[in-house]
Amino acid sequence: MGNKALQQLNDAVQVVLQRARQQVLAQMGTQLTVAEKTSRKDLVTNVDKSNEHFLVHELRRLDSQAKILGEEGLGDTVTSMSGHVWIVDPIDGTMNFVHQRNHFAMMIGYYIDGVPTLGYIYDVMADRLFAGGPDLGVTVNGNPLPAPADLDLTDGLFGASGPLLIHDRYQMQAIAHASLGPRIMGSAGIQISQVLAGELVGYLSYLRPWDFAAGRVLAETLGLAVSQVDGEPVNMLSSGAVLIATKSAQRAILTIVR
Ligand code: IPD
Ligand code: CA
Ligand code: CA
C-alpha cells in the first residue's frame, strides 16, 4: 500500500475510533449488562459486544480485503496472518470499565501479510489516542510522539501484571524489585501506551493477540523491543507472556528471567 493510501486509512480509522468513543461514553450512562466469561475476574459487557460489532462493520467498510480477529468473536475465524489482518480489542480493561468507569482502552492492530502496519490504542476517558505505524510514525491525538529514552530497568517504573506479580511468575517480583517500582493498571492497552510515552520502562503480562497486536506495531515503530518473555519473537495468533520494553530494560529483564 502506498503512503498516501496508508495515511488516508490511518485518518479514517482514527475517525471511526472517535465515533466509537462517543458511543461508548453514551452507553456508560445506561445500565450495563455484565456477564462472566471464564471466571468472575474475566468479564464481558453489552458494550464490549456492541463496540466490537461497530468496529468490525466500519473496518470492513474501509478495507474490502479485511480479515478481522475480534476478541468477542464478531469478526472472522482467522487462522493465518496472510493478507490484510485486523486484530480488535473493543474494550481492554473490562474490569476497570465496570468497576471504575475509567482506565480502559480500545485497540486495533493492522498487519499486511504478517508485517506490522498500523496500530491504535485509545485511552477512552483520558481521550488519548496513540496511532500510526512504521511508515507514518506515531502520533498522540495527531501530534508526533518522539521515541522514548532508552532507560534501563533500574532507572524507570515497571508495568506489572497483577496475577503474574502475585504468583511471582517469570521472576516478576525480582524484576519489579530491580526497577524503581511496579505499577499495575489492569489494562494492557493503557500500560503499553505508558511504555510508548516513556512513563514505564517496560510491561510484562500474559496476553492474547488482541491485547498486544496494536501495541506491538506502535512500540516497534518507536524503537522499543517486543518479544516473548524468553526473548523469542511473538506469534500474532497465539497467547503467551509478552514483554514490551526499552531495549536496555528488555536486556535486564531477560537476564533476570533466565
Ligand atoms: C485484559 C486486560 C488486563 C490483562 C489481561 C487482559 P480485557 O483485557 O488487558 O490488564 O492483564 O490479560 O485479558 O479482557 O479486559 O480485554
Ligand atoms: Ca477486551
Ligand atoms: Ca484485552
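Residues numbered from 1 in each chain as written. Chains lettered and ligands numbered in written order. Predicted model: local features only at pLDDT ≥ 70, side-chain atom pairs only at ≥ 80, totals over all residues. Heavy atoms only, no water.

1. Here's the deal with the coordination of the calcium ion (ligand 3)
Ligation of the calcium ion (ligand 3) by protein atoms is provided by Asp 89 (OD), Asp 92 (OD) and Asp 211 (OD), these donors lying 2.1 to 2.2 Å from the ion. In primary-sequence terms, the residues that donate to the calcium ion (ligand 3) follow D-x2-D-x118-D. Separating the calcium ion (ligand 3) from the calcium ion (ligand 2) is a gap of 3.8 Å, which Asp 89 spans by donating to each of them. Judged on exposure class, the residue Asp 89 and its partner Asp 92 are both buried. (Donors = N, O, S within 2.8 Å, 3.2 Å for Na, K, Ca; no water. Buried < 20%, exposed > 50% of the residue type's maximum accessible area, 1.4 Å probe, protein only.)

2. So, the nonpolar core
Ile 87, Ile 121, Leu 196 and Met 236 are the most contacted members of the largest nonpolar core, which has 35 residues in total. Those elements giving two or more residues to this core turn out to be strand S4 (84-92), strand S5 (105-112), strand S8 (137-140), helix H6 (188-196), strand S12 (202-207), helix H7 (209-221) and strand S14 (240-245). No other element matches the 7 residues that H7 contributes to this core. Formed jointly, this core draws a minimum of three residues from each of two domains, domain 1 (3-144) and domain 2 (153-257). (Core = buried A, V, L, I, M, F, W, Y, C linked by side-chain atoms within 4.5 Å. Helix = DSSP H or I, 4+ residues; strand = E, 2+ residues; numbered from the N terminus. Domains from an automatic or database assignment.)

3. Regarding the site of ligand 1
Around ligand 1 sit Glu 71, Asp 89, Ile 91, Asp 92, Gly 93, Thr 94, Gly 186, Ser 187, Ala 188, Ser 205, Tyr 206 and Asp 211, and that is every residue in its neighbourhood. Contact distances for ligand 1 include 3.4 Å between an oxygen atom and a side-chain N or O atom of Glu 71. For ligand 1, the accessible surface in isolation is 380 Å², of which the surrounding protein chains cover 77%. Those elements giving two or more residues to the shell around ligand 1 turn out to be S4 and S12. Broken down by element, the shell around ligand 1 gets its largest block of residues, 3 residues, from S4. Of the residues in the shell around ligand 1, the class split is 3 nonpolar, 5 polar and 4 charged. When residues of the shell around ligand 1 are assigned to domains, at least three fall in each of domain 1 (3-144) and domain 2 (153-257). (Near = heavy atom within 4 Å. Polar contact = N/O pair within 3.5 Å; in protein donor to acceptor, adjacent residues only side chain to side chain. Areas by Shrake-Rupley, 256 points an atom, 1.4 Å probe, with all protein chains shown as cover. Nonpolar A, V, L, I, M, F, W, Y, C, P; charged D, E, K, R; others polar.)

4. Quick word on the coordination of the calcium ion (ligand 2)
At 2.1 to 2.3 Å from the calcium ion (ligand 2) lie its protein donor atoms, namely Glu 71 (OE), Asp 89 (OD) and Ile 91 (O). The sequence pattern formed by the donor residues of the calcium ion (ligand 2) is E-x17-D-x1-I. Given the relative accessible area of 23%, Glu 71 is considered partly exposed. Judged by relative accessible area, Asp 89 falls into the buried class, the value being 1%.

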